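Structural overview for review
Chain by chain, the residues run as shown.
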Amino acid sequence: MSGPDLEHDASDDVHGDVSVDRLALAEELSGTSADGSIAVASADAAEYALRLGDDALVLAQQLGMWIARAPELEEDVALGNIALDLVGHARSLLHYAGTASGRSEDDLAYFRDEPEWRCAWLFEQPNGDFAHTIARQLAASVYLFELYSRLMHGTDEVIAAIAAKSVKEVDYHRDHATQWVLRLAGGTEESRRRMITAIADTWPYVDELFADDALVERLAETGVAVLPSTLRPGFEEVIDEVFAEAGLERPTGRTAFIASGGGREGRHTEHLGPLLAEMQVLARAHPGASW
Amino acid sequence: MPTDPAARRAWQAAATVTDPEIPVLTIEDLGVLRSVEIDDDGRVRVQLTPTYSGCPALDAMRDDVLLALTHAGYDEVQVDLVLAPAWTTDWMSEAGKEKLRRYGIQAPSGNAAARPSGPVRVALAVKCPRCDSLNTRELARFGSTSCKALYECRDCLEPFDYFKVL
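Residues numbered from 1 in each chain as written. Chains lettered and ligands numbered in written order. Predicted model: local features only at pLDDT ≥ 70, side-chain atom pairs only at ≥ 80, totals over all residues. Heavy atoms only, no water.

A short note on the overall build of chain A
In terms of regular secondary structure, chain A is built from eleven helices and zero strands. Secondary structure elements in chain A, listed N-terminal to C-terminal, are α-α-α-α-α-α-α-α-α-α-α. For chain A, the proportion of its 291 residues judged to be buried stands at 53%. In chain A, the proportion of contacts linking residues at least 24 apart, taken out of those at least 6 apart, comes to 78%. (Helix = DSSP H or I, 4+ residues; strand = E, 2+ residues; numbered from the N terminus. Buried < 20%, exposed > 50% of the residue type's maximum accessible area, 1.4 Å probe, protein only. Contact = heavy atoms within 4.5 Å.)

Brief notes about the pairing of strand β2 (residues 44–48) of chain B
Residues and elements named next belong to chain B. The element β2 is largely enclosed, with a buried count of four among its five residues. With five bridges connecting them, strand β1 (residues 33–38) and β2 associate as antiparallel partners. Following the sheet pairing, Ser35 is matched in β2 by Gln47. Between β1 and the antiparallel strand that follows it, β2, lie five residues; Gly42 among them carries a positive phi value of about 85 degrees. (Pairing = 2+ DSSP bridges.)

Focus: empty space enclosed by the protein
Unfilled space is identified by rolling a water-sized probe across the atoms. All names here are of chain B. Using the criterion set out here, one finds one cavity of 30 Å³ or more in the structure. Roughly 50 Å³ of internal volume is contained in the largest cavity. In terms of lining residues, the largest cavity is bounded by Asp19, Glu21, Ile22, Thr51, Cys55, Cys147 and Phe163. Classifying every residue of the lining of the largest cavity by side-chain character gives four nonpolar, one polar and two charged. (1 Å grid on protein atoms, 1.4 Å probe; cavity = no way out; pocket = protein on both sides within 12 Å on 5 of 7 lines; lining within 4 Å. Points joined across faces, edges and corners; volume = space filled by probe spheres on them. Nonpolar A, V, L, I, M, F, W, Y, C, P; charged D, E, K, R; others polar.)

Some words on the side chain of Arg174 of chain A
The residue Arg174 of chain A is located in helix α7 (residues 157–185) in this model. We classify Arg174 of chain A as buried; its relative accessible area is 6%. Residue contacts for Arg174 of chain A: discarding those within four places in its chain leaves Ser141, Val142, Phe145 and Val238 of chain A together with Gly118, Pro119 and Arg121 of chain B.

As for the interface of chain B and chain A
Taken together, the contact pairs 43 residues of chain B with 42 residues of chain A. Buried area between chain B and chain A, summed over both chains or domains, comes out near 3,500 Å², and the portion from carbon and sulfur atoms is 57%. It is Leu83, Pro119 and Phe142 of chain B in chain B that bury the most area against chain A; as a group they hold 21% of the surface buried on that side. Summed over the shared surface of chain B and chain A, the result is three salt bridges. Here Asp175 of chain A and Arg141 of chain B are joined by a salt bridge, their closest N and O atoms 2.2 Å apart. Counting every contact that joins chain B to chain A gives eleven residue pairs in polar contact (both at pLDDT 80 or more). Of all the elements in the fold, those that place two or more residues in the side of chain B that touches chain A are β2, α3 (57–71), β3 (77–81) and β5 (136–140) of chain B. The biggest single contributor to the side of chain B that touches chain A is α3 of chain B, with seven residues. Residue composition of the side of chain B that touches chain A, by class: 19 nonpolar, 14 polar and ten charged. (Buried area = accessible area lost by both parts, 1.4 Å probe. Salt bridge = Lys/Arg side-chain N within 4 Å of Asp/Glu carboxyl O. Polar contact = N/O pair within 3.5 Å; in protein donor to acceptor, adjacent residues only side chain to side chain.)

A closer look at unusual backbone geometry
Residues and elements named next belong to chain B. Cis geometry marks the peptide bond from Ala84 to Pro85, where omega comes out at -10 degrees. Structurally, Pro85 can be placed in the loop between β3 and α4 (94–103). Unusually for a residue other than glycine, Asp132 sits at a positive phi of about 65 degrees. Structurally, the position occupied by Asp132 is in the loop between β4 (105–106) and β5. Phi angles above zero are rare outside glycine, and Leu157 is one such case at about 65 degrees. Given the relative accessible area of 65%, Leu157 is considered exposed.

So, the nonpolar core
Counting residues in hydrophobic clusters, the biggest one holds 133 residues, and the most contacted among them are Tyr48 and Leu147 of chain A together with Leu69 of chain B. If you tally residues by element for this core, the top one is helix α6 (residues 130–151) of chain A, at 14 residues. Apart from the residues within four sequence positions on either side, Leu69 of chain B is in contact with Ala10, Ala13, Ala14, Val44, Val46, Tyr74 and Val77 of chain B. (Core = buried A, V, L, I, M, F, W, Y, C linked by side-chain atoms within 4.5 Å.)

Quick notes on the confidence of the model for chain A
The predicted coordinates should not be examined in detail at positions where pLDDT is low. All names here are of chain A. For chain A, the average pLDDT comes to 88, and 85% of its residues sit at 70 or higher. For chain A, the element scoring lowest by mean pLDDT is helix α1 (residues 20–29), at 38; α6 scores highest, at 98. With pLDDT under 50 throughout, residues 1–36 is counted as low confidence; its partners more than four residues away or in other chains account for 47 contacts. (pLDDT = per-residue confidence, 0-100.)

Thoughts on the sheet that holds strand β6 (residues 148–153) of chain B
Pairing in this open sheet of four strands is mixed, and the strands run β4-β7-β6-β5 (chain B) from one edge to the other. Edge positions in the sheet fall to β4 and β5 of chain B, since each has one partner strand and no second.

As for the layout of surface pockets
Of the volumes computed, that of the second largest pocket is approximately 510 Å³. Lining the second largest pocket are 23 residues, with Val122, Ala123, Leu124, Glu138 and Tyr151 of chain B sitting closest to its centre. Looking at the lining of the second largest pocket, the elements that each hand over two or more residues are α7 of chain A together with β5 of chain B. The residue makeup of the lining of the second largest pocket, split by class, is eleven nonpolar, four polar and eight charged.

What follows is the structure, encoded as structure tokens:
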């Protein structure tokens, strides 16, 4: 190499200066998608991916709040790991959703206001006590397992690939929630009482997960989406098996008042606002920052 | 590994990259390195598959592959992430599993298809990587990372990680 020792000239170096950040940025700009090729979502598929991604991201944010607060150290780690899986699902889904409008996954995660979010109400419900978190986890993971098991055979290659990847992880989340339902329901009188209360409080939000609307009806015709209503029998069968093992009863009948939900149209419960505020504050205070 | 000699050389360079969290395993042992191709312009295209969707090790492995190939003399390198087909522990090499055990992490027991199904699962015995005892107990389904569960051996009394079947 020629030139003074202290003044490194990149042009002298065969390979130039290599910055990982620069390479990663160039790659992101090339727009490669989940399957390694360039895929752009249709407007409908993007809206659907946004719903799935928002469910995953909001639940991940909720679970992350347990870190350092869970009843035992192992549970900090478990809920943190489950949250991490869900963040991974959300990243793939939001990345794909963004291809339709030219927005990045970060734009969608950090720079949308409450009415622009498409998550169902179940996912934005507060953590409550540990039993409430577990009741929400059971409903969420059994629903997601049923959904992804079907979507992995769907006609949208990117959504199918994300579903096939995610379903294996959600299966472990389902397992984790089941083990805790059994433990709490069969534990002390107090833990059982709390589990029963948590299920009663959580179940009114289950109906919304299975509501069909115009978007899913259009997408289901071409096999991109699954009609949510068709997932309900499978969901209830699994829940009933878990509850039978735990000596619990699945709430029925009195949950209809909430059936419409509204999350898919951007109408949310009062819990989403504070959650987004905490999740988005740093990105909004320092737009474009990386760390 | 590719049959084309040029691509094979690039594969070998990429295959030196190890998992930052389990440094005894290369990305080839893990089955994370899916393909290496060189196009007519000499551009190297590598496909990696994530183990778990949110695994933070993946970003490090992707950067390490870029650096390994750049250091091996390839100017243009593209690393793509592929989700389909989804990664499974079945792709982990036998040599990799043996390295894991020697490192103190029990390798996945059996293959993914043999994983018990059903909403309420029975616990399977996992062998202690130190003393080979089957008298072990699961302490936590999610251990230090998503891919591992935490066990303890009731004979040698050591805690150990188990790489879960996925």
